Amino acid sequence: MAGRPPLPSNVHQLRGNPGKRARNDKEPEPDVLQDLAAPAHLPAATAAVWNQLAPQLKKAGVLTTIDTPALEMACDAIATFRLCMEKTAEGRLLQKNAETGSISLSPWAMVKSMAYKQALAVLREFGATPSARSRVTIDPQGELFGKEPAGTGTDGGHYDA
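Residues numbered from 1 in each chain as written. Predicted model: local features only at pLDDT ≥ 70, side-chain atom pairs only at ≥ 80, totals over all residues. Heavy atoms only, no water.

Enquirer: How should the overall build of the protein be read in this particular structure?
Expert: When its secondary structure is counted, the protein shows five helices and two strands. Listing the helices and strands of the protein from first to last along the sequence gives α-α-α-β-β-α-α. For the protein, contacts bridging at least 24 residues in sequence account for 55% of all contacts bridging at least 6. (Helix = DSSP H or I, 4+ residues; strand = E, 2+ residues; numbered from the N terminus. Contact = heavy atoms within 4.5 Å.)

Enquirer: Quick question: what am I supposed to make of the nonpolar core here?
Expert: Side chains of nonpolar character tend, in soluble globular proteins, to be buried together. Within the largest apolar cluster, 20 residues are counted, with the highest numbers of intra-cluster contacts made by W50, L53, L57, L63, L71 and F126. Of all the elements in the fold, those that place two or more residues in this core are α2 (44-59), α3 (68-87) and α4 (107-125). (Core = buried A, V, L, I, M, F, W, Y, C linked by side-chain atoms within 4.5 Å. Buried < 20%, exposed > 50% of the residue type's maximum accessible area, 1.4 Å probe, protein only.)

Enquirer: Looking at this structure, I do not really get the confidence of the model for the protein. What am I missing?
Expert: Do not read the predicted coordinates in detail wherever pLDDT is low. Averaged over all residues, the pLDDT of the protein is 79; the fraction at 70 or higher stands at 68%. Across residues 149-161, where pLDDT falls below 50, the model places nine contacts with residues more than four positions away in sequence or in other chains. (pLDDT = per-residue confidence, 0-100.)

Enquirer: Mind showing me how you'd approach the packing of α3 against α4 here?
Expert: The packing of two helices is summarised by the inter-axis angle and the distance between the axes. The geometry of α3 relative to α4 is characterised by a closest axis approach of 8 Å and an angle of 150° between their N-to-C directions. Between α3 and α4, the angle is such that the two are roughly antiparallel. For the crossing formed where α3 meets α4, the hand is left-handed. Contacts from A70, A74, A77, I78, T80, F81, L83, C84, M85 and K87 in α3 reach W108, V111, K112, A115, Y116, Q118, A119, V122 and L123 in α4. Looking at side-chain class alone, the contact of α3 with α4 contains 15 nonpolar, two polar and two charged residues. (Axes fitted to C-alpha atoms, helices over the stretch in contact; angles between N-to-C directions. Parallel < 35°, antiparallel > 145°, perpendicular 65-115°, else oblique. Left-handed = near helix turned anticlockwise from the far one by under 90°. Nonpolar A, V, L, I, M, F, W, Y, C, P; charged D, E, K, R; others polar.)

Enquirer: Please explain α2 as it appears in this structure.
Expert: Along an α-helix, residues three or four apart share an orientation, since each turn contains 3.6 residues. For α2, which comprises 16 residues, the first-to-last C-alpha distance of 23 Å matches the rise-based estimate of 22 Å (1.5 Å per residue) to within 8%. At L53, α2 shows its largest bend, some 25°, and a proline, P55, comes one to four positions later. Among the residues making up α2, those that are buried are T46, A47, V49, W50, L53, A54 and L57. Next to the buried residues of α2 lie α3 and α4. (Expected span 1.5 Å × (residues − 1). Bend = angle between axes of the 7 residues up to and from the residue.)

Enquirer: Which parts of the structure should I look at to understand the environment of S102?
Expert: Mapped onto the elements of the fold, S102 is located in the loop between β1 (94-96) and β2 (103-105). Discounting residues that sit within four places of it in the chain, S102 has contacts with Q95, K96 and N97. Within the local environment of S102, its side chain forms a polar contact with the side chain of T100, the two groups lying 2.9 Å apart. (Polar contact = N/O pair within 3.5 Å; in protein donor to acceptor, adjacent residues only side chain to side chain.)

Enquirer: So what exactly am I meant to see when it comes to α3 here?
Expert: The terminal C-alpha atoms of α3, which comprises 20 residues, lie 28 Å apart, in line with the 28 Å expected from a rise of 1.5 Å per residue. Looking only at α3, the buried set comprises T68, L71, E72, A74, C75, A77, I78, A79 and C84.

Enquirer: Sorry, what's going on with the packing of aromatic side chains here?
Expert: Two measures describe an aromatic ring pair: the distance that separates the ring centres and the angle between the ring planes. A full pass over the atoms with the stated rule returns one aromatic pair. Measuring from ring centre to ring centre gives 6.2 Å for F81 and Y116, while their planes differ by 45°; the resulting arrangement is tilted. Taken together, the residues F81 in helix α3 and Y116 in helix α4 connect sequence positions 35 residues apart. (Phe/Tyr/Trp six-rings, centres within 6.5 Å; stacked < 30°, edge-to-face > 60°.)

Enquirer: I keep staring at the packing of α2 against α3 and nothing clicks. Help me out?
Expert: Between α2 and α3, whose axes approach to 8 Å, the crossing angle comes to 125°. Relative to α3, the element α2 lies oblique. Helix-helix and strand crossings are classified by hand; for α2 and α3 the assignment is right-handed. Of the residues in α3, those in contact with A45, T46, V49, W50, Q52, L53, A54 and L57 of α2 are T68, L71, E72, C75, D76, I78, A79 and R82. Taken together, the residues that form the contact of α2 with α3 break down as 10 nonpolar, three polar and three charged.

Enquirer: Looking at this structure, I do not really get the side chain of T68. What am I missing?
Expert: Residue position: T68 is located in helix α3. At 3.5 Å, the side chain of T68 and the backbone oxygen of T65 are in polar contact. Look past the residues within four positions of T68 in its chain and what remains in contact with it is L33 and W50.

Okay, structure coming up:
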């Protein structure tokens, strides 16, 4: 059985290191994603979710240039979930087979369940769920990512982040 997936280092930094485990000092540091426009290849419904989430994830400091495929997957799963919500509105979770008369779960309900699980898994990776955030504490006045704020270096205030 596999253990918990590792947390992103920025989440570790925000939480502190209560377990005193060694950290990877050589972890890649990708650039923060600056262009928040939805990629042109995304369908409209998925792009709408992107436009909702990308600015929030950037503001939280967890959206980098190499995270775009994961965000695309989350946005697609959320768009699928929303479509399924429409298709199962008014309690249409069951369907009757016209030939046999048997009752079964709507395919939309099954897809909705899968999309929910997919979106939740990716959102957790970004720390974008209440339980993932509950483990993070932030000291806005302190060091967030192991770097001093600009202008507070020991060289007379000429520190460049």
